[in-house]
Structure formats: structure tokens, C-alpha cells
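# Observations on chain architecture
Spelled out, the chains give:
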Amino acid sequence: MSTPSKIRTRIAPSPTGFLHLGTARTALYSWAFARHFGGEFVLRIEDTDVARSTQDSVDQILAAMRWLGLDYDEGPIYQMQRLDRYLAVIEQMIAAGTAYRCYCTPEELDAMKAGQEARGEKRRYDGTWRPAPGKVLPPVPADVKPVVRFANPVDGVVTWDDLVKGPISIANEEIDDLIILRPDGVPTYNFAVVVDDWDMAITHVFRGDEHINNTPWQINIFEALKAPLPRFGHCPIILGDDGLKLSKRRGAVSVTAYEEGGYLPEAMLNYLARLGWSHGDHELFTREQVVQWFDGTHLAKSPAQWDPAKLAWVNAQYLKQADDARLATLVAQQFARRGLTVAADERLAARCALFKDRCSTTVELADWLAMYEAPVTPPADELAAQTTDTVRTALAALRERLATVAWDKAAISQAIKDTIGEHKLKMPQLAIPVRLLVCGRAQTPSIDAVLALFDRETVLARLAA
Ligand code: GLU
């Protein structure tokens, strides 16, 4: 791929909700591409939809970017703080004849549309206010606030070599004279995005393929402004595991929901990177490897499917290797969400170390470790089936031993062995009821290790029950 001297990419979310997974993925690709080529990555907040943009959404987007570790070199730049610049460019375009004021009222536009529909024509602006050599425009009505429209070229074809999809062509006759400035003085997306990408010297635009139909307008506006064109790469949408478009109704679509759901940011970054991009047959890679390998090639042309099971698997791999003190902090946060205050201390870290191998998320880890924090309810029928008279006597004997032994794994193990020897039981005959009583479940890691991480008093009280 031939590359300009300074690669500059950007992500330009609209702050009308949380950071969507699709946007997070294009942010990641834009970030990795800039980092790979030693370029720069810009965060721009496209807040021109004033009615729907909120500060809360901006905060969520920034938090999600921070969580994923997508650091930016410039920004956040807010479009609403650049209105003067857009208006100046609009005036230049009007002077140059590449844009014009249109005074059509909504009623006139509706009538235009109805007429076109009745005649079976394509709906489009009919060019009433578009200047042309020798054309006499209607008298300017005093009471109508105009919009500004872009004078789109009438013929020819817009073509670009998409970084993801390859060559794409759209004929200009398919494209209307787009409104670029609303009557309230706020520019529309397709115009502001071009001025920004130009001013911010963006060289490569990665975004979702729902914007493919916008790109010809944008290219035409770039050309009208004699601004250098960036390269465009349109990534296919992400599908849910049911093959339909990923949406709120089909499970979590926000990055934040996965943070809360107990996923690690490095796992999320890994999974998002791999969703729509590949490097050989690697499934697990660090952020450094993403930067090293991501050069804008090997991007998938067809939609990727969100696979919760695979994400869980990826997360489990990272959880196994994660530092235990860090896991303790994350699990303490999970407990806090459940209303439990638990210190992220060494003991919690030791518990994380013992259980992390069998968990896919810190939510599951907290599920396991809840037995250390709150009373358990042993399943009554299972317990009844396990506790014969001999077992009952052995449990009492074990409890007595545990009351006095040193409180560590080796001593607990010895106490259990002595007890089963004395009562001629097999290990599971004693270990399972102990698990049921103390942990509330029949399966755990090695029981001596599990017990050693409880307070002695808790174990004695639960065995007595
Ligand atoms: N605000 C647009 C969006 O969130 C940005 C699209 C673009 O990257 O050009 O979809």
C-alpha cells in the first residue's frame, strides 16, 4: 500500500448513546493503523445532532476508549465548536458556485416529492434554486430561512478504491444536491465531516459500510474544495449470532456492557481486532502485535458474526494469565455491583488465583468467590443423599480436628486424610459433603486449598449446620 508521509486517522462518533461495538472496532482499526505507521490518531465528537447529543454519551465514549486503551493524539474535538469554520467554508463555496442557497419551503419540497412519485420518477431535489449560466432564479422570499445545498456534479462517476471493499463506483446522476447547511446554521454530517477530515489532515478513514452511500457526496465536496482526498475503508457491519444485524434487542452492543460483564480490555481488543481482520491463523494476540501486524490489509469484505462463546474463550485465556491482584480489584468491583463491599486484598487475590482457571469472566469469578463472602445454601436433597450416619460422624470428627490444626492447606489436608482413614471412607465420601456444606456445591478445586482460604470459624460453623 502506498502511504503518505504522515498517516493520520480518526474516529468520529456521534454522542447519541454508548460506544457501539461496531464503532469500537473501527476506532481500533484506525488507532492500530496510525500506530503501525507511526502516524497520529484523532478523536472527533460529531455532535451536530444537537437534539440527540449528550454529555453523558461523550463521557461514556471517552471511558470506553480509555478502557480499551485506544489513546489519541488529538481531541476530543467537538464539531459544535467549529461552526464558524464551517460557515466560512460555506461562504467560500457559495462564492465559487459549488454551493447555493435554496429557499424551498417544506411544503414545496413535499409537493415536489408527490409530483415525482405520481409521475413514477426518482425522488430528488429538482434544482429550482441551483444557479446556472443564463438561468434566472426565482425572487428570494423574505420570510423563508434558506438551507445551503451542494451543487453536485450532474454527470460523471465517482470512483474510489476502498481499502476494504475494493473499487466502488456511483454515478453522479444517482446523487442529489445535498443540504449542507440547515436553516438553523448547523451543517449536516456529510459536509462537516469533509471540512474536518480536510482540516485535520486525515489520510485514511475507516468506518462502517453504512456510510458507503455518503462517500460519493463527500468525495465530490473534497474535490469542490480542492482538498486532498483521504483513502476510505468501509468495514462490513457486525452480525449477531443469529445472523441478523447486531442490535440492542439482540444482546449487548455497548463496550461498557462488556466491561461490566467481566471481560478484560485486552481480551475485548483481541476479539474486536480479529472480528473482521486476520493475521495468518492467529487467534490470540497482544495489543503490541495488533499494532505490529495491522497495516490495513486482510480486512474481511463480508460481515463478521458476533460470537459470544468465542469471546468468552478469548477472555478465559487472558483471565488465566492475569495478575491476581488486578483480578482482585476487578472482582471487588463485581461484588460492589452486587452491593457487597469486599476488600481487594491479598486474600481475595489468592482466591482469584485458585478459581480463575475455571472462569471466563470476572462475573463468573465473583459467582465462585461469593461463597467466601456470604452464607451458602447447600442443596438439601444432594446433601441428604451424601450424609449417611458414618459420614455424619466423620464430619463431626473432621470439624473437631479443624478446630485445632494450623490453618493452612497442608494441615487441613492432613486432617481430612486422618478423618477418612479413621472412618474407612473414600476421599469423595467425605470431601463432597464438606463441599456441599461449606461451598454450597459439590464440585470445587482441591478442597484443602478451598478451605484454607476461608476463615476457620466460617468452616466450623458451616460444618456444624
Ligand atoms: N458520526 C459518524 C458516525 O458515527 C461518523 C462517520 C464517519 O466516520 O465518517 O457514524
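Our subject in this report is the structure included herewith. Every residue gets a number counted from 1 within its own chain, in the order that chain's sequence is written. Only residues with pLDDT of 70 or above have their local features reported here, since the model is predicted, and side-chain atom pairs are shown and tallied only from 80 upward, although totals for entire chains, interfaces and linings are computed over all residues. As a convention, hydrogens and water are excluded, and side-chain values are obtained from all of the structure's heavy atoms.

### Looking at the overall build of the protein
Looking only at helices and strands, the protein has 19 helices and 12 strands in total. Here the globule rule reads 2.2 Å times residues to the power 0.38, and the radius of gyration is calculated from C-alpha atoms. Computed over its C-alpha atoms, the radius of gyration of the protein comes to 31 Å, more than 25% above the 23 Å expected for a compact globule of 465 residues. Principal-axis analysis of the C-alpha atoms gives the protein an extent of 110 × 45 × 40 Å. Working definition: with a 1.4 Å probe on protein chains only, accessible area under 20% of the residue-type maximum means buried, over 50% means exposed, and in between means partly exposed. For the protein, the residues scored as buried account for 48% of the 465 residues in total. Note on contacts: a residue pair is in contact if any heavy atoms of the two residues lie within 4.5 Å. Expressed as a percentage of contacts within the protein between residues at least 6 apart in sequence, the contacts between residues at least 24 apart total 75%. Per-residue accessibility takes into account occlusion by the displayed protein chains alone, with areas from the Shrake-Rupley method and a 1.4 Å probe. For the protein, the computed accessible surface area is about 21700 Å², with 53% contributed by carbon and sulfur atoms. For the protein, the centre of its 52 positive side-chain charges and the centre of its 60 negative side-chain charges are spaced 3 Å apart. Numbering of helices and strands starts at the N terminus; helices are DSSP runs of H or I of at least 4 residues and strands are runs of E of at least 2. Charged residues are defined narrowly, with Lys and Arg counted positive, Asp and Glu counted negative, and His plus the chain ends left uncounted. Positions of charges follow a simple convention, taking NZ of Lys, CZ of Arg, CG of Asp or CD of Glu.

### Points about the site of the ligand
It suffices for a single heavy atom of a residue to lie within 4 Å of a molecule or strand for the residue to be listed as near it. Taken together, Arg-10, Ala-12, Pro-13, Ser-14, Glu-46, Tyr-189, Val-193, Arg-207 and His-211 are the residues near the ligand. In this structure, Ala-12 approaches the ligand through a main-chain N or O atom, which is 2.8 Å from a nitrogen atom. Two N or O atoms form a polar contact when they lie within 3.5 Å of each other; inside protein one atom must be a possible hydrogen donor and the other a possible acceptor, and for residues adjacent in sequence the pair counts only when both atoms belong to side chains. Arg-207 is positioned such that a nitrogen or oxygen atom in its side chain is 2.9 Å from an oxygen atom of the ligand. When the free accessible area of the ligand is taken as 300 Å², the share hidden by the protein chains comes to 83%. Residues that form the shell around the ligand fall into these classes: 4 nonpolar, 2 polar and 3 charged. Note that Gly is not counted as nonpolar here; it falls among the polar residues with everything else outside the nonpolar set of Ala, Val, Leu, Ile, Met, Phe, Trp, Tyr, Cys and Pro and the charged set of Asp, Glu, Lys and Arg.

### Some thoughts on the packing of aromatic side chains
Pairing of aromatic rings covers Phe, Tyr and the six-membered ring of Trp, with a centre-to-centre limit of 6.5 Å; geometry is then stacked below 30 degrees between planes, edge-to-face above 60, and tilted otherwise. Applying the stated criterion across every chain, the model contains 16 aromatic pairs. Centroid distance Phe-33 to Phe-37: 4.9 Å. Interplanar angle 65°. Geometry classified as edge-to-face. Ring geometry for Phe-206 and Phe-294: centres 6.2 Å apart, planes at 65°, overall edge-to-face. Note that Phe-206 is positioned in strand β9 (residues 204-208) and Phe-294 in the loop between α9 (287-293) and β12 (304-305), a separation of 88 residues in sequence. Judged by its relative accessible area of 0%, Phe-294 falls in the buried class. It is Arg-358 that lies over the ring of Trp-368; its NZ or CZ is 5.5 Å from the centre. Only when the NZ of Lys or the CZ of Arg is both within 6 Å of the ring centre and within 35 degrees of the ring normal is a charge said to sit over the ring.

### Looking at the state of the cysteines
Any two cysteine sulfur atoms within 2.5 Å of one another count as a disulfide. Scanning the entire structure with this criterion turns up 0 disulfides. Free cysteine: Cys-104, not disulfide-bonded; nearest cysteine sulfur from Cys-102 at 3.9 Å. When its relative accessible area of 12% is taken as the criterion, Cys-104 is described as buried. Left unpaired, Cys-352 is separated from the closest cysteine sulfur, that of Cys-359, by 8.8 Å.

### Focus on the sheet that holds strand β8 (residues 179-181)
Strands are treated as partners if at least two bridges between them are detected by DSSP. Pairing is antiparallel across the open sheet formed by 3 strands, whose spatial order is β4-β5-β8. Of all strands in the sheet, those bounded by a partner on one side alone are β4 (99-102) and β8. With strand direction ignored, the average angle separating the axes of adjacent strands in the sheet is 45°. Pairing of strand β5 (residues 147-150) with β8, which is carried by 2 bridges, proceeds in the antiparallel orientation. Across the sheet, Val-148 pairs through a bridge with Leu-181, a residue of β8. For helices, the fitted axis covers only the stretch in contact; all axes are lines through C-alpha atoms, and the angles between them, taken along N-to-C directions, range from 0 to 180 degrees. Sitting on the sheet, helix α3 (residues 83-96) is in contact with β4, β5 and β8, with an inclination near 100° to β4.

### Some thoughts on the pairing of strand β2 (residues 40-45)
The buried fraction of β2 is high, at 5 of 6 residues. Relative to β2, strand β1 (residues 8-11) is paired through 4 bridges, and the arrangement is parallel. Within β2, the residue paired with Ile-11 across the bridge is Leu-43. Since β1 and β2 lie parallel, the crossover through helix α1 (residues 21-36) that links them has a hand, and here it is right-handed. Pairing analysis gives 3 bridges linking β2 to strand β3 (residues 74-78), with the strands arranged parallel. By the bridge assignment for β3, Arg-44 is matched with Ile-77. As a crossover connection, the stretch from β2 through helix α2 (residues 55-68) into β3 is right-handed. Here is how to tell: hold the view so the strands point away, follow the path from the first strand over the helix to the second, and if it runs clockwise the crossover is right-handed.

### Concerning helix α6 (residues 215-224)
Across the 10 residues that make up α6, a large majority, 8, are buried. Within the span of α6, buried status applies to Thr-215, Pro-216, Trp-217, Gln-218, Ile-219, Asn-220, Ile-221 and Phe-222. Looking one or two residues past α6, Lys-226 carries a phi angle of roughly 55°, positive in sign.

### Side note on the pairing of strand β7 (residues 166-171)
Sheet topology note: the strand β6 (residues 157-162)/β7 ladder contains 6 bridges and is antiparallel. For Asp-161, the partnering residue across the bridge sits in β7 and is Pro-167. As consecutive antiparallel partners, β6 and β7 are separated by 3 residues.

### Structural notes on the environment of Arg-351
Relative to the elements of secondary structure, Arg-351 occurs in helix α12 (residues 346-355). Exposure remark for Arg-351: the relative accessible area of 4% places this residue in the buried category. The contact partners of Arg-351, leaving out residues within four places of it in the chain, are Leu-369, Tyr-372, Glu-373, Leu-453 and Phe-454.

### Points about the side chain of Gln-116
Inspection of the secondary structure puts Gln-116 in helix α4 (residues 106-118). Apart from the residues within four sequence positions on either side, Gln-116 is in contact with Glu-121, Lys-122, Arg-123, Arg-124 and Asp-126.

### Looking at helix α15 (residues 389-404)
Multiply 1.5 Å by the residue count of a helix minus one, and that product is the helix's expected span. Between its first and last C-alpha atoms α15 spans 24 Å; for 16 residues at 1.5 Å apiece the expected length is 22 Å, and the two agree. Tucked inside the fold, the buried residues of α15 contact α14 (380-386), α16 (409-423), α17 (427-439) and α19 (456-464).

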